Amino acid sequence: MVKIILGAVAALTLLFGPAAAMIGVGLFVNPALVEAELCSTSHLSIAGAVANSLTATATNGTTVTLDHTQLDRAATIITVGGQTSGVGTNGVLVALMAALTESRLRILANPTVYPASTDYPNDGDGSDHDSLGLFQMQPTAGWGSVAQLMDPTYQAAAFYGGPDGPNHGSPRGLLDIPGWQSLPPGSAAQAVEVSAYPDRYADFEPVARSILATLTGSAPPAGAPAAVALCSSVSGNPQQLAQTLVDAHRQGIFTALVPAMYTQEIEATANGTVTSKCQIDARILQTIVLVLNKFGSVGVSDLGRPCLGDTLHCPSSPHCHIPDQAVDFTSVGGHALDGSDPPDIALLRYLDTILPEGSWAGQSECRTASGDPMTLTHIGQFPDTCTHQHIDIRGAGTAPLTP
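Remember, predicted model here, so these are calculated numbers, not experimental data.

Student: Could you clarify how one ought to interpret the pattern of salt bridges in this entry?
Tutor: Two side chains with opposite charge may pair up if their charged atoms get near one another. Using the criterion set out here, one finds six salt bridges in the structure. Between arginine 73 and aspartate 123 there is a salt bridge whose closest N-O contact spans 2.8 Å. Linking arginine 73 in helix α2 (residues 68–82) with aspartate 123 in the loop between α3 (88–103) and α4 (146–149), this pair joins segments that are 50 residues apart in sequence. Residue arginine 73 is classed as buried on the basis of its relative accessible area, which comes to 15%.

Student: What exactly am I supposed to notice about the environment of leucine 308 here?
Tutor: One can find leucine 308 in the loop between β6 (298–302) and β7 (326–332). With 43 residues separating them along the chain, leucine 308 and glutamate 265 place their C-alpha atoms 9.2 Å apart. Dropping the residues within four chain positions of it, leucine 308 is found in contact with Val258, Ala260, Met261, Gln264 and Glu265.

Student: Sorry, what's going on with the packing of α2 against helix α5 (residues 152–160) here?
Tutor: Pairs of packed helices are described in terms of their axes, by the angle between the two and the distance that separates them. The interhelical angle for the contact between α2 and α5, taken along N-to-C directions, is 50°, at an axis separation of 9 Å. Our classification of the angle between α2 and α5 gives oblique. The two elements α2 and α5 meet at a crossing, and its hand is right-handed. Along its contact with α2, which presents Arg73, Thr76, Ile77, Val80 and Gly81, the element α5 presents Pro152, Thr153, Ala156, Ala157 and Tyr160.

Student: What's the story with the nonpolar core in this structure? I'm lost.
Tutor: If you look at soluble globular proteins, the nonpolar side chains tend to sit buried side by side. One finds Ile77, Leu96, Phe159 and Ile211 to be the most contacted residues of the largest nonpolar core, which totals 54 residues. Within the residue set of this core, elements represented by two or more residues are β3 (53–57), β4 (63–67), α2, α3, α4, α5, α6 (185–193) and α7 (205–215). Top element by residues in this core is α3. It accounts for nine residues. Sequence-distant contacts of isoleucine 211, defined by excluding residues within four places in its chain, comprise Leu54, Leu66, Leu71, Ala74, Ile78, Leu96, Leu100, Leu105 and Thr216. Counting 43 residues, the second-largest nonpolar core is a separate cluster that includes Ala248, Ile253, Tyr262 and Leu347.

Student: How should the confidence of the model for the chain be read in this particular structure?
Tutor: Detail in the predicted coordinates should be disregarded across regions flagged by low pLDDT. In this model, the chain carries a mean pLDDT of 84, and residues with pLDDT of at least 70 account for 84%. The element-level mean pLDDT for the chain is lowest in strand β1 (residues 20–23), coming to 27, with strand β11 (residues 389–392) highest at 98. In the predicted structure, residues 1–42 sits below a pLDDT of 50 and forms 124 contacts with residues beyond four places in sequence or in another chain. Considering only residues more than four positions removed or in separate chains, one finds that residues 218–233, a stretch of pLDDT under 50, has 30 contacts.

Student: Whenever I open this one, the packing of aromatic side chains confuses me. Can you help?
Tutor: For any pair of aromatic rings, the description rests on two quantities: the centre-to-centre distance and the angle between the ring planes. Counting across every chain of the model gives five aromatic pairs. Look at phenylalanine 135 and phenylalanine 159: their rings are 4.6 Å apart centre to centre, the planes differ by 15°, and that puts the pair in the stacked class. With phenylalanine 135 in the loop between α3 and α4 and phenylalanine 159 in helix α5, the pair connects residues that are 24 residues apart, well separated along the chain. Each member of the pair phenylalanine 135 and phenylalanine 159 is classed as buried. In this structure an aromatic cluster arises from ring pairing among Phe135, Phe159 and Tyr160. The ring centre of phenylalanine 382 lies 4.9 Å from the NZ or CZ of arginine 394, which sits over that ring.

Student: Even after reading the chapter, I still don't get the pairing of β7, so can you show me in this structure?
Tutor: Consecutive side chains of a regular strand alternate in pointing toward one face of the sheet and then the other. In terms of burial, β7 is largely enclosed, as six of its seven residues are buried. Strand direction decides the pairing type here: β6 and β7, joined by four bridges, are antiparallel. Across the sheet, valine 300 pairs through a bridge with phenylalanine 329, a residue of β7. Both β7 and β11 contribute to a ladder of four bridges, which runs antiparallel. Residue pairing across strands places alanine 326 opposite aspartate 392, the latter belonging to β11. Pairing of β7 with strand β8 (residues 335–336) involves two bridges; the strand directions are antiparallel. Bridging from a neighbouring strand, serine 331 pairs with alanine 336 of β8.

Student: What is the right way to read the state of the cysteines from this model?
Tutor: Covalent bonding between the sulfur atoms of two cysteines defines a disulfide. For the structure shown, the criterion picks out three disulfides. Disulfide pairing places cysteine 278 opposite cysteine 307 at an S-S distance of 2.0 Å. Across the disulfide from cysteine 278 to cysteine 307, rotation about the S-S bond amounts to roughly 85°, and the bridge is consequently right-handed. With a gap of 29 residues between them, cysteine 278 in the loop between α9 (259–271) and α10 (282–295) and cysteine 307 in the loop between β6 and β7 connect regions that are remote in the sequence. On the basis of relative accessible area, cysteine 307 is assigned to the buried category, the value being 4%. There is a disulfide in this structure between cysteine 314 and cysteine 320, and the S-S distance comes to 1.9 Å. The sign of the -80° torsion about the S-S bond sets the cysteine 314-cysteine 320 disulfide as left-handed. Accessibility expressed as a relative area gives 29% for cysteine 314, which makes it partly exposed.

Reading the values: rules and limits
Residues numbered from 1 in each chain as written. Predicted model: local features only at pLDDT ≥ 70, side-chain atom pairs only at ≥ 80, totals over all residues. Heavy atoms only, no water. Salt bridge = Lys/Arg side-chain N within 4 Å of Asp/Glu carboxyl O. Helix = DSSP H or I, 4+ residues; strand = E, 2+ residues; numbered from the N terminus. Buried < 20%, exposed > 50% of the residue type's maximum accessible area, 1.4 Å probe, protein only. Contact = heavy atoms within 4.5 Å. Axes fitted to C-alpha atoms, helices over the stretch in contact; angles between N-to-C directions. Parallel < 35°, antiparallel > 145°, perpendicular 65-115°, else oblique. Left-handed = near helix turned anticlockwise from the far one by under 90°. Core = buried A, V, L, I, M, F, W, Y, C linked by side-chain atoms within 4.5 Å. pLDDT = per-residue confidence, 0-100. Phe/Tyr/Trp six-rings, centres within 6.5 Å; stacked < 30°, edge-to-face > 60°. Lys NZ or Arg CZ within 6 Å of the ring centre and 35° of its normal. Pairing = 2+ DSSP bridges. Disulfide = S-S within 2.5 Å.

Next up, the structure:
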């Protein structure tokens, strides 16, 4: 794939391991960071013999059929990822998406630019500039020699990178990208590949998930969609969380209805200049980031009202707490929310798995009127206007999220 020079991904490194986050004058320890450590631990392995074939559907509707050789290449990517500290399931998913996009999981020679590449075991010829192999890496970009890049194990190790990677951070592998785990998988793949066509990686996420489920033995019951449970933990540090949202705002995948809400609450938190009346509970920031990761884009219309001089329903509203304990979602995945449409239902079902007891969701009468009142396990429900999806943690005390 044609490569272009892009700006470095401006996301701060996530914290892994137990940590405490200061929220106003309150302190809570977020066990999600313990889970993040587990998520980054290498533990994946191939279960049994590699399948002879697999068929899955990409996000764009394209049917993808892979043969035994392609799945064997995928198995190499999974095995190397399982042996590389810090990669985990999420990192392997990103690598599979990248290799599916770049080569359809084939080791491609390049006889025009590197005739000697055909002397090595390969699965066909490529012709994209001077690119080689599974991830279409270029010797001229410093990824390695022709002999190295025709070795799928070497290419997988180079893609993951990190302190033990063959390139030691130049070019950057996945582990060399600050905050890669907070990026959507397609964006993380693009951060490594630096492609002129950055949107194509996301199309292959369901195919990569199917490969993981099939080859690692984690396939769901018959009749259920092939998927794997991916780690979704995030930092408990408000400044890091806000920086993730600032980066997403620059990419156009996080929007705030009121510009001052973004600058005074999100951007100011990220750069360390937030005032006391504009503080946001770290768990609300975590919720927004997790929803962003889950759905690919998110829009919000309300956070802390005192910050903007708004007194609507204050002081009783959770939007009036300091730090702010509520968020109004207006869209997820590019779909506007009205409290009852399918994207809204999907959002609530997801949030019900991660929010603590004592959390609340608005718009209950909107769902009742649409014929789907829903039953939520951890989230209480109350009536609200059918123009957004309200979420708050007013009754959760200092209980953490459990992604």
